[in-house]
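Structure at a glance
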Amino acid sequence: MNATTEKGPEANNATASPHLRHSLTALVIVSFAAGLRVWPLQAFESELAWLTFYPAVITAALCAGLYSGLLATVLACLTVTFLWQLFATQPFIENRFDLLEMAIFAITCGFISYLVETVRRTQQALDQAESVSRASIKREQFIKSIIDSMPSMIGYWGSDLRCRYANHAYREWFGKPPEDIIGITFQDLAGEHLFALNEPHIRRALAGEPQRFERILNKANGDVGHIIGHYIPDFEAAGTDNDSTVKGFSILASEVTVFKETEAKLKLAACVFESTLDGVLITDADGVILSVNPAFTEITGYAAEEAVGQNPRMLQSNRHDQVFYASMWKDIKTKGRWNGEIWNRRKDGDLYLERMTISMVRDEDGEPIRYVSVFSDITALWRKDEYIKHLAFHDALTDLPNRTLVTDRINQKLLHYNREQCSLALMFLDLDGFKLVNDQFGHNVGDDLLKEIAKRLLALIRKSDTVARVGGDEFMFIFDNPKGKDEIDYVANRIISSINEPIEILGNVLQIGASVGIAIFPADGHTCVELIKNADTAMYAAKRSGKNNISFFSPENDFTQT
């Protein structure tokens, strides 16, 4: 209500303004004509007086329209009737003939005003029609320029299957300018084969059914292109029975060759993504998982719906420190890629080792938008390698360190002892009576006997000590940083006592002994080779003295026996 009230005065003012302009125009022109008649033209005969007002009325009608012309006519009549005697000595209306002249003047001026208004409105209508026509032509040219510049083929075909319109895209496909295509039949343009393929769609389009289809076409230059075609029926205006007929159809054929090639590449990539044995994980720039492949589920145990939306930290094993991850992300940010081995945790809690490559995907501005992780489970391979390494440094029967590993450990300890000024005792053990057991009971019993001896020796050592099997029935014992010769002698006697205890194997009670030779670092040697040689020498000295003996190496070849 308020809006209507507020707009009311404005509307009234807008309506009153033309009327005021018309009134002022008529008043000014009539006043000017009356002034001319009273002063400069008063010497002329009164019969010519009305000729003064005819131009005034015509001028008012031309300047301000019908309303102003009629108003000028009325003002002229009023002027000569009531105001003339105030300014002229001779009255303007003296008899009935003067009144008849005034009536003729009024009728004639009214007709002239109407005629002028009709001519003016006709001219305005013509100007408006011309303006609309120019705008329509300009709009049609604009639309035509858009259609002609579009890469898709756009055309119109009548019900007689002759072309009515074709844009410039037809030139690329058929090698003909659009003006040569206008009027040609569909069959002549497309050829027999293509026409036969499209004919069912043409029939349905002419029956009023919009059509959409895909087609492979050969271009005029020999290239093959994929298109998506649309046939859109054009209906005539419905008659009295509301039954519309199709007078033609529009064609929109868009080339999608690039999209088809891209689609094929995407399908291939999706096939690889789905079927590869390597796990694939894709995240956004914030590390939120967007997609995983079936191999990811097989390796980690997490289904796609469980992983998507999560962070890859869900797989962390906590076996790597922050320095490891900082180095990883440094490579990703500086080089765009990281590859290496990393421990992760499956859904069931098991740890697994994977060989992983993480690649950064950047946008056009060089900003990261995706991270792609491709990984494979190498836990079994790692275990195999570890087993091979273990076999290389351990005895296959007893699983004790072998000669290679014990030699390496002696060298490592010697480097440490040289810095720390510590000591080391190397004991060389040889079993007494083992050959007899092997010969009498067989190698199976002998192997079980060696395994039992290994267990007893392991039960006697500390974490810093090492026991190794270096031969058939020979063992080495590294006694780390002994407090003195007495402690070494005590440990050696414990070893012999443990070995002397009866052993039951496969129902056979066996009892063997051991001869022990001892070399002490640094008194009996400064290198691993010297210590092993001297401990071996001491062991043979113990054997010469009988079974279950202990012998310390003597540089003067004088062996002290206990």
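Computed from a predicted model, the values in this text were never measured in an experiment.

This next bit is on the packing of aromatic side chains. Tallied over the entire structure, the rule returns eleven aromatic pairs. A centroid spacing of 5.4 Å and a plane angle of 85° characterise the contact between Phe324 and Tyr325, whose relative ring orientation is edge-to-face. Assessed through its relative accessible area of 23%, Phe324 is described here as partly exposed. Taking the relative accessible area as the measure of exposure, Tyr325 reaches 13% and is therefore buried. A connected cluster of aromatic rings, assembled from ring pairs, spans Trp157, Phe186 and Phe195. Note that Arg319 overlies the ring of Trp343, its terminal NZ or CZ placed 4.2 Å from the centroid. One Lys or Arg, Lys485, reaches over the ring of Phe552 and ends 4.7 Å from the middle of that ring.

Time to look at the sheet that holds strand 2 (residues 163-166). Strand pairing in a sheet takes place through backbone hydrogen bonds and is either antiparallel or parallel in direction. Strand order across the open sheet formed by five strands is 2-1-5-4-3, with antiparallel pairing between neighbours. A strand with exactly one partner marks an edge of an open sheet, and here the two such strands are strand 2 and strand 3 (211-218). Strand after strand, the sheet turns through a mean of 25° between neighbouring axes, direction not considered. As defined by bridge partners, strand 1 (residues 153-158) adjoins strand 2 across three bridges and the pair is classed as antiparallel. Residue pairing for strand 2: Tyr156 is matched across the bridge by Tyr165. Relative to the sheet, helix 9 (residues 257-275) contacts strand 3, strand 4 (224-235) and strand 5 (246-255), its axis offset from that of strand 4 by approximately 125°.

Relative to the elements of secondary structure, Thr283 occurs in strand 6 (residues 279-284). Overall, the relative accessible area of 4% leaves Thr283 in the buried class. Each residue touching Thr283, except ones within four places of it in the same chain, is listed here: Val288, Ile289, Leu290, Pro312, Ile369, Arg370 and Tyr371.

We now examine the sheet that holds strand 10 (residues 368-377). Taken in spatial order, the five strands of this open sheet run 7-6-10-9-8, and their pairing is antiparallel. Each of the sheet's edge strands pairs with one partner strand only, and the pair in question is strand 7 (289-292) and strand 8 (337-345). Mean inter-strand twist for the sheet, computed between neighbouring axes without regard to direction, equals 25°. Pairing of strand 8 with strand 9 (residues 351-362) involves nine bridges; the strand directions are antiparallel. Bridging across to strand 9, Glu341 finds its partner in Arg355. Each of strand 8, strand 9 and strand 10 touches helix 12 (residues 322-335); the most contacted strand, strand 8, lies at about 150° to it.

In this section: helix 8 (residues 192-206). Between its first and last C-alpha atoms helix 8 spans 19 Å; for 15 residues at 1.5 Å apiece the expected length is 21 Å, and the two agree. Considering bend angle alone, the principal kink of helix 8 is centred on Asn198 and spans about 45°; proline Pro200 follows within four residues of it. Looking at the buried side of helix 8, the elements it contacts are helix 7 (186-190), strand 3, strand 4 and strand 5. A positive backbone phi angle near 100° is found at Gly208, which sits one or two residues after helix 8.

What follows covers the pattern of salt bridges. For the coordinates displayed, the defined rule picks out 20 salt bridges. Of the charged contacts in the structure, one is a salt bridge between Lys144 and Asp148, with a shortest N-O distance of 2.8 Å. Of the two residues, Lys144 and Asp148 are both situated in helix 4 (residues 96-149); the distance of four residues between them amounts to about one turn of the helix. Exposure remark for Lys144: the relative accessible area of 43% places this residue in the partly exposed category. Residue class for Asp148 comes out buried when judged on its relative accessible area of 11%. Where Lys260 meets Glu214, a salt bridge forms, and the shortest distance between an N and an O atom there is 2.8 Å.

A few words on the confidence of the model for the protein. For the protein, per-residue confidence averages 84 on the pLDDT scale, and 86% of positions sit at 70 or higher. The low-confidence segment residues 1-7 (pLDDT under 50) makes zero contacts with residues lying over four places distant or belonging to another chain. Here residues 557-562 scores under 50 on pLDDT; set against residues more than four positions off or in separate chains, the count is 17 contacts.

So, how was this worked out
- Residues numbered from 1 in each chain as written.
- Predicted model: local features only at pLDDT ≥ 70, side-chain atom pairs only at ≥ 80, totals over all residues.
- Heavy atoms only, no water.
- Phe/Tyr/Trp six-rings, centres within 6.5 Å; stacked < 30°, edge-to-face > 60°.
- Buried < 20%, exposed > 50% of the residue type's maximum accessible area, 1.4 Å probe, protein only.
- Lys NZ or Arg CZ within 6 Å of the ring centre and 35° of its normal.
- Pairing = 2+ DSSP bridges.
- Helix = DSSP H or I, 4+ residues; strand = E, 2+ residues; numbered from the N terminus.
- Axes fitted to C-alpha atoms, helices over the stretch in contact; angles between N-to-C directions.
- Contact = heavy atoms within 4.5 Å.
- Expected span 1.5 Å × (residues − 1).
- Bend = angle between axes of the 7 residues up to and from the residue.
- Salt bridge = Lys/Arg side-chain N within 4 Å of Asp/Glu carboxyl O.
- pLDDT = per-residue confidence, 0-100.

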